[in-house]
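# Overview (structure and organization)
Residue strings, one per chain:
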Amino acid sequence: SQQRSRPMSTPSTILLTDLLSLSPPELQVKLSGIYEHSPWVAENAFPDEIAVRSLKSLQDVFQVMKKAVEEASLDRKITLLKEHPDLCKRAAVDMEGLTASSREEQAKAKLGQLTEEEYSFFTKTNDEYRSKFGFPFILAVRNATKQTVLQAIKARVKNTYEREFAASLTQVHKIAWMRLIAMIDLPESNRGFLTCHVLDTAGGCPAANMRIELYRMNDGEPTFIQSYVTNEDGRLCGGPALKGNDFQVGSYQWIFYVGDYFCSTNVDTSGCPFLNEVPIKFGIDDPEAHYHVPLLVSPYGYSTYRGS
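Residues numbered from 1 in each chain as written. Predicted model: local features only at pLDDT ≥ 70, side-chain atom pairs only at ≥ 80, totals over all residues. Heavy atoms only, no water.

## Overview of the overall build of the protein
- In terms of regular secondary structure, the protein is built from 12 helices and 13 strands.
- Dimensions of the protein along its principal axes, counting C-alpha atoms only, are 65 × 50 × 35 Å.
- Within the protein, buried positions represent 47% of all 308 residues.
- By element, 51% of the accessible surface of the protein is carried by carbon and sulfur atoms, the whole surface being about 15,800 Å².
- For the protein, the separation between the mean place of its 33 positive charges and that of its 38 negative charges on side chains is 3 Å. (Helix = DSSP H or I, 4+ residues; strand = E, 2+ residues; numbered from the N terminus. Buried < 20%, exposed > 50% of the residue type's maximum accessible area, 1.4 Å probe, protein only. Areas by Shrake-Rupley, 256 points an atom, 1.4 Å probe, with all protein chains shown as cover. Lys, Arg positive; Asp, Glu negative; His and termini not counted. Charge placed at Lys NZ, Arg CZ, Asp CG, Glu CD.)

Structure below.
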């Protein structure tokens with residue numbers, strides 16, 4: 001697809017370059033909602049021009065805000081946890097205290113669509129959780145499902161206070177990171193890229209001339225992006241599959257046509273291939289990073305990992 005030299009921000013977003021040109025008070029106001037009902041985080045993170053001028057990337061912004069939380073007093077951290085709403089709210093009166101970000105996050109996870117049995121289980125377990133820990137159950141739900149929420153609270157209610165306090169702060173930082181991503185558009189020079197490499201473990205060589213397709217997943221439905229054929233080194237011809245403004249946070253899927261590939265080699269395969277097409281679903285969480293998603297494959301098995 002055609003790339004833009006400079007992304008256009010929507011009314012709810014701001015370009016990173018514009019964000020970093022703000023004065024400290026303006027930046028504090030702009031980022032006041034990144035941590036739930038806690039504008040003090042942005043105020044402590046960006047107190048003066050020196051702090052602001054040292055920022056070069058989205059990760060820089062996040063790490064400085066995260067450090068402000070980590071250096072806060074224990075009482076302030078506990079208050080931060082208590083500022084978060086209960087999940088799985090149903091009644092309109094219960095939704096009144098939710099920030100716009102919290103409403104959107106819970107809606108994406110479809111937490112208002114629990115069955116009666118699921119809602120009863122969550123309510124009972126959530127009451128037990130609050131009684132035990134003294135703060136609400138916190139989970140970054142923007143990319144989660146209701147099953148994720150139910151399984152997580154079932155496991156975490158059994159934690160010690162110390163372990164759950166740390167786990168909750170981790171989730172708070174995760175929520176903050178995803179809110180920053182949703183708010184800030186990056187210039188092309190700050191964006192990462194996606195690469196791939198296929199190795200034939202049966203032949204002990206790069207998998208040359210393998211057809212691969214890349215899709216973006218939207219609510220579980222694939223949208224075709226592009227088709228590729230690996231070169232003699234088992235890599236994509238033409239460089240990264242995604243780069244610049246095409247490199248976006250989200251869920252993706254490779255489809256590797258390994259059955260066709262092995263039919264073109266001297267490796268024996270079964271009449272009905274054990275592996276014909278290999279789909280690998282993966283997520284891009286950091287828009288500034290390099291994501292390398294390779295495939296190691298034989299006719300009877302495969303593995304992948306996030307490389308570099």
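## Some points on the sheet that holds strand S10 (residues 278-284)
- Taken in spatial order, the four strands line up as S7-S6-S9-S10 in an open sheet, and their pairing is antiparallel. Strand pairing shows two members of the sheet lacking a second neighbour, strand S7 (221-229) and S10, which therefore form its edges. On average, each strand axis in the sheet is inclined to that of its neighbour by 25 degrees, with strand direction left out of account.
- Of the strand pairs in this sheet, strand S6 (residues 211-218) and S7 are connected by eight bridges, and their pairing is antiparallel. Of the residues in S7, the one forming a bridge with Glu 213 is Ser 227. (Pairing = 2+ DSSP bridges. Axes fitted to C-alpha atoms, helices over the stretch in contact; angles between N-to-C directions.)

## Re the packing of helix H9 (residues 116-133) against helix H10 (residues 146-156)
- Between H9 and H10, the least distance of the axes is 10 Å, while the angle of their chain directions is 40 degrees. Taken together, the axes of H9 and H10 are oblique relative to one another. Between H9 and H10 the crossing geometry is left-handed. In contact with Glu 118, Phe 121, Phe 122, Thr 125, Asn 126, Tyr 129 and Phe 133 of H9, H10 contributes Lys 146, Val 149, Leu 150, Ile 153, Lys 154 and Arg 156.
- Classifying every residue of the contact of H9 with H10 gives seven nonpolar, two polar and four charged. (Parallel < 35°, antiparallel > 145°, perpendicular 65-115°, else oblique. Left-handed = near helix turned anticlockwise from the far one by under 90°. Contact = heavy atoms within 4.5 Å. Nonpolar A, V, L, I, M, F, W, Y, C, P; charged D, E, K, R; others polar.)

## A closer look at unusual backbone geometry
- Within the chain, His 37 stands out as a residue other than glycine whose phi angle is a positive 50 degrees.
- With respect to the helices and strands, His 37 occurs in the loop between helix H2 (24-30) and helix H3 (40-45).
- Of note in this structure, Asn 209 is not a glycine but carries a positive phi near 65 degrees.
- Looking at the secondary structure, you find Asn 209 in the loop between strand S5 (205-206) and S6.
- The exposure class assigned to Asn 209 is exposed, which follows from its relative accessible area of 62%.

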